[in-house]
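Residue-level structural notes
Residue strings, one per chain:
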There are 2 protein chains.
Amino acid sequence: MLVVKKFGGSSVANKERIFNVAKRCIEDYKAGHDVVVVLSAMGDTTDELIELAHSINPNAKKREMDMLMTTGEQVSVSLMAMAMHALDVPAVSLNAFQAGMVSTSSYGNARFKRIDTKRIQHELDARKIVIVTGFQGVNKYDDITTLGRGGSDTTAVALAAVLHADKCEIYTDVDGVYTADPRVVKNARKLDAITYDEMLELATVGAKVLHGRSVEMAKKYGVELVVRSSLNRSEGTVVKEKVKMEKMLITGVAADKNTARISAIGVEDKPGTAFKIFNTMSKNHINVDIILQSVGREGTKDISFTVSEDDLEPALQILEEHKEALTIQQISYNRDVAKISVVGAGMMSNPGVAAKMFESLYNSRININMISTSEIRITVLVDEKDIDKAMNAVHEGFALALTD
Amino acid sequence: MLVVKKFGGSSVANKERIFNVAKRCIEDYKAGHDVVVVLSAMGDTTDELIELAHSINPNAKKREMDMLMTTGEQVSVSLMAMAMHALDVPAVSLNAFQAGMVSTSSYGNARFKRIDTKRIQHELDARKIVIVTGFQGVNKYDDITTLGRGGSDTTAVALAAVLHADKCEIYTDVDGVYTADPRVVKNARKLDAITYDEMLELATVGAKVLHGRSVEMAKKYGVELVVRSSLNRSEGTVVKEKVKMEKMLITGVAADKNTARISAIGVEDKPGTAFKIFNTMSKNHINVDIILQSVGREGTKDISFTVSEDDLEPALQILEEHKEALTIQQISYNRDVAKISVVGAGMMSNPGVAAKMFESLYNSRININMISTSEIRITVLVDEKDIDKAMNAVHEGFALALTD
């Protein structure tokens, strides 16, 4: 059996944790399996390197940022190999170049193009544990790239796909995927299994347990993932194509406080005005999330939408610049809002889910600002101060705490 | 004109020094030259990484040590590129793999086999300053190697050789090569020029200004070196094949306190005994320096030799183990000794140099324990407590403080 195991930065933050990870990998190795380990940089290394770079040049080029940041994972993998050698197990560390991880050239946000597994296969054949740097690739010019935050998950899934791994385990500091953030919802329940689509929607709306792109890739290549804790032996959550239908309509609730609402008020009510607003946003690389259009006074309409808080200032500036061309009479915004989403494949065949969610919020006297839905997700914008209450209300409303 | 400039770890230890180096390189660039910069790891980074590794595994494999340590130079070169970009000058950082620095596989002590200059040439043609990681190579398996301590000098010389550079400048924290260590001999004089052979002998006997192997390579490929300070504009010292003969018999004096004497007393006086002793040492990777053999009592002889202090304990252990086979009656040693050497191409044609040296030491009442000579060097073993007095006496004796 071939197992790919990925450990994040906090799992290798110091000597004790490095040995803890080494031992877990060695268990699999001694059971006769082939083991590929993907590591992130130790603890806060990546943030420290970014700070160092910004002290030299606040607008450092992405190529040089990638050259700098990838040293972090190279340190992790070499130390892990040393730890395994100290435990008398053959192991070898490989960086993205040695592991044949060929990526596109978009520094800071690269994607894998192909992986040449020859070296990894050769080392596995020699019965070594292979330790690969996560988060990084090499482009066709032999330059080093990074995949963006959370990219180590993607590295693990990509390797599992090309190596036809039997298992791909993503180790984190939580036990798995929960029906809601356990720090907010006390009786949140760990899920045994979840579909790729549900996981993807949850990742998109604020659940930080898995990087969205890695879930996309896992779905595309049919790599079954297990999310589990590096600190205990809990079974974790399986992420796969189909999950045995449970009685639950929805799988989980997620919240995202990093959101702000912008309203363009009194826009001329004729075809193309909405298109022009969102085209202007898009050209300036501002991601717009929920959109709501309502009828305004005297042949005008009001268009509201949400953006991430980081994008609020630039978005307002752009709207102000184009105010006339976009026929906007007035611009307003609100930073103190938050999104709450319910996700579940079960809702596709069940039209009552939205109503149930609204009822739960209504019963807790929580005001709904905006609504957005996908096939398997309903997202609602509420006041930020209400978000924890909203999470609990919805979690309760769908009886997610009940064990199946 | 193509200039290769090498800066050590202390020259890039912090933000201010990085910008200082960047500016010096940019001066050459703006004068129209092609500039290749070779950097070591920042400040004490290499030592810190070694310490980190040893905390995980005191006997870490050299392959993994090299994988770990080479991250240090990668950090330096990327930060330097960012600094140059901040000063609006095009620059690119390259690690050993990208710069085509192919080496042998002896991890921790590799040698360059060939350098594929295509990428460097391409970047120079695009009028970029090219910043290359010193100290490291890549072997034929795509694994990362290091050249051993001081290896960045070798990287600079190797690049200067293959790129047919017009100049190779080695920047350090001293003004150049001195007739003696200025911290010990107050009126030591900076040399304008010195030959490869003299520099090589000085490097071997304790002068730390240049790595011996880099001087060897510079001699082999006829690369003229300039040793100069990164902190001021002093002209530095040129290292080349032939230096205009000055009146001086010798070029410099160097001391080495890292030495210990071992004596094998009462060895059987028959052919092959000395060979057996040094063959045993060699097999155990112990480097023997000065050797002295004297007649002992009753058909025996005494054999003394020096080793570095690190090698003293293992050397004594080995002798003890083989005491009988080597027919040694008694083993003694002395850690409190030091070597003082005078070096100079002038002594080849002048037999009075040794006598002059011994006279200087005698006049200062310094006892000579052992003597060793090469064509252009005389080394004498003295008590460690006398070494500073000896340095000054010899420096004075040869009138090295006089300007020419």
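An unreviewed UniProt entry lists chain A under the name Aspartokinase, with Dorea acetigenes as the source organism. Under Catalytic activity (unreviewed entry), UniProt gives the following word-for-word description of chain A: "L-aspartate + ATP = 4-phospho-L-aspartate + ADP". One UniProt comment on chain A, placed under Sequence similarities (unreviewed entry), says "Belongs to the aspartokinase family."

Next up on the list: unusual backbone geometry. Residues and elements named next belong to chain B. Residue Phe-135 is not a glycine yet carries a positive backbone phi of 80°. Mapped onto the elements, Phe-135 comes out in the loop between strand E6 (129-133) and strand E7 (136-138). You can call Phe-135 buried: its relative accessible area is 9%.

By size, the foremost hydrophobic cluster in this structure holds 47 residues, and its most contacted members are A:Val36, A:Ile120, A:Leu159, A:Cys168 and A:Leu225. In terms of residue count, helix H6 (residues 151-162) of chain A provides more of this core than any other element does, six residues in total. Discounting chain neighbours no more than four positions away, the residues touching A:Cys168 are A:Val4, A:Ala156, A:Val157, A:Ala160, A:Val223, A:Glu224, A:Leu225 and A:Val226. Ranked by size, the runner-up nonpolar core spans 46 residues in total, among them B:Met101, B:Ile115, B:Leu124 and B:Val209.

As a further point, take the relation of the copies chain A and chain B. If you rotate chain A by 180° and push it 0.0 Å along the axis, it lands on chain B with an RMSD of 0.1 Å. The operation mapping one copy onto its partner corresponds to a two-fold rotation axis. Among all residues of chain A, the minimum C-alpha distance to the rotation axis is found for A:Thr71, at 2.6 Å. Interface overlap between copies is the fraction of interface residues in one copy that are interface residues in the other; for chain A against chain B it reaches 100%, indicating a shared surface.

Attention shifts here to the sheet that holds strand E11 (residues 225-229) of chain A. Residues and elements named next belong to chain A. Pairing is mixed across the open sheet formed by eight strands, whose spatial order is E3-E6-E2-E1-E9-E11-E12-E10. The sheet is open, and its two borders are formed by strand E3 (91-94) and strand E10 (193-195), each paired with just one other strand. Across the sheet, the mean angle separating the axes of adjacent strands is 20° when strand polarity is ignored. The pairing of E11 with strand E12 (residues 237-240) spans three bridges and is antiparallel. Bridging across to E12, Leu-225 finds its partner in Val-239. The strands touched by helix H7 (residues 196-204) within the sheet are E10 and E12, with E10 carrying the most contacts at an inclination of about 85°.

Attention now moves to the UniProt feature "domain: ACT" (unreviewed entry) in chain A. When the UniProt feature table is mapped onto this chain numbering, "domain: ACT" (unreviewed entry) sits at residues 262-345 of chain A. Within residues 262-345 of chain A, the helical portion is 29% and the strand portion 40%, while the C-alpha atoms at the span's ends are 31 Å from each other.

Attention now goes to the packing of helix H3 (residues 62-69) of chain B against helix H4 (residues 71-86) of chain B. All names here are of chain B. The geometry of H3 relative to H4 is characterised by a closest axis approach of 5 Å and an angle of 15° between their N-to-C directions. The angle between H3 and H4 places the two elements in the roughly parallel class. Along the contact surface, H3 presents Met-67, Leu-68 and Met-69, while H4 presents Thr-71, Gly-72 and Glu-73.

Before going further, it helps to examine the interface of chain A and chain B. At the junction of the two partners, chain A supplies 39 residues and chain B supplies 39 residues. Sorting the residues of chain A by area buried against chain B places A:Ile56, A:Glu64 and A:Met82 first, and these three jointly supply 21% of that buried surface. There are two salt bridges connecting chain A and chain B. At the surface where chain A touches chain B, the tally comes to 16 residue pairs in polar contact (both at pLDDT 80 or more). Among the elements of the structure, helix H1 (15-30), helix H2 (45-56), helix H3 (62-69), helix H4 (71-86) and E3 of chain A are those that each provide at least two residues to the side of chain A that touches chain B. Ranked by residues supplied to the side of chain A that touches chain B, first place goes to H4(A) with 11 residues. Of the residues assigned to the side of chain A that touches chain B, the class counts are 22 nonpolar, 10 polar and seven charged.

Within H3(B), seven of the eight residues are buried, leaving the element largely enclosed by the surrounding structure. In the core, the buried residues of H3(B) are packed alongside H4, E3 and helix H5 (118-125) of chain A together with helix H2 (45-56), H4 and strand E8 (144-146) of chain B.

Our focus in this paragraph is the sheet that holds strand E15 (residues 300-307) of chain B. All names here are of chain B. Spatially, E14-E15-E13-E16-E18-E17 is the arrangement adopted by the six strands of the open sheet, whose pairing is antiparallel. Looking at strand neighbours, the two that pair on one side only are strand E14 (291-295) and strand E17 (370-374), the edges of this open sheet. Within the sheet, the average angular offset between the axes of one strand and its neighbour, ignoring direction, is 30°. Strand direction decides the pairing type here: strand E13 (residues 252-268) and E15, joined by seven bridges, are antiparallel. Its bridge partner lying in E15, Ala-260 is registered against Val-307. Running over the sheet, helix H11 (residues 353-363) touches strand E16 (330-343), E17 and strand E18 (377-383) and is turned about 20° from E18. Docked against the sheet, helix H12 (residues 387-397) engages E13, E16 and E18, running at close to 115° with respect to E13.

Reading the values: the criteria
Residues numbered from 1 in each chain as written. Chains lettered and ligands numbered in written order. Predicted model: local features only at pLDDT ≥ 70, side-chain atom pairs only at ≥ 80, totals over all residues. Heavy atoms only, no water. UniProt positions renumbered as here; feature names shortened; annotations may be inferred. Helix = DSSP H or I, 4+ residues; strand = E, 2+ residues; numbered from the N terminus. Buried < 20%, exposed > 50% of the residue type's maximum accessible area, 1.4 Å probe, protein only. Core = buried A, V, L, I, M, F, W, Y, C linked by side-chain atoms within 4.5 Å. Contact = heavy atoms within 4.5 Å. Least-squares fit on C-alpha atoms with pLDDT ≥ 70 in both. Pairing = 2+ DSSP bridges. Axes fitted to C-alpha atoms, helices over the stretch in contact; angles between N-to-C directions. Parallel < 35°, antiparallel > 145°, perpendicular 65-115°, else oblique. Buried area = accessible area lost by both parts, 1.4 Å probe. Salt bridge = Lys/Arg side-chain N within 4 Å of Asp/Glu carboxyl O. Polar contact = N/O pair within 3.5 Å; in protein donor to acceptor, adjacent residues only side chain to side chain. Nonpolar A, V, L, I, M, F, W, Y, C, P; charged D, E, K, R; others polar.

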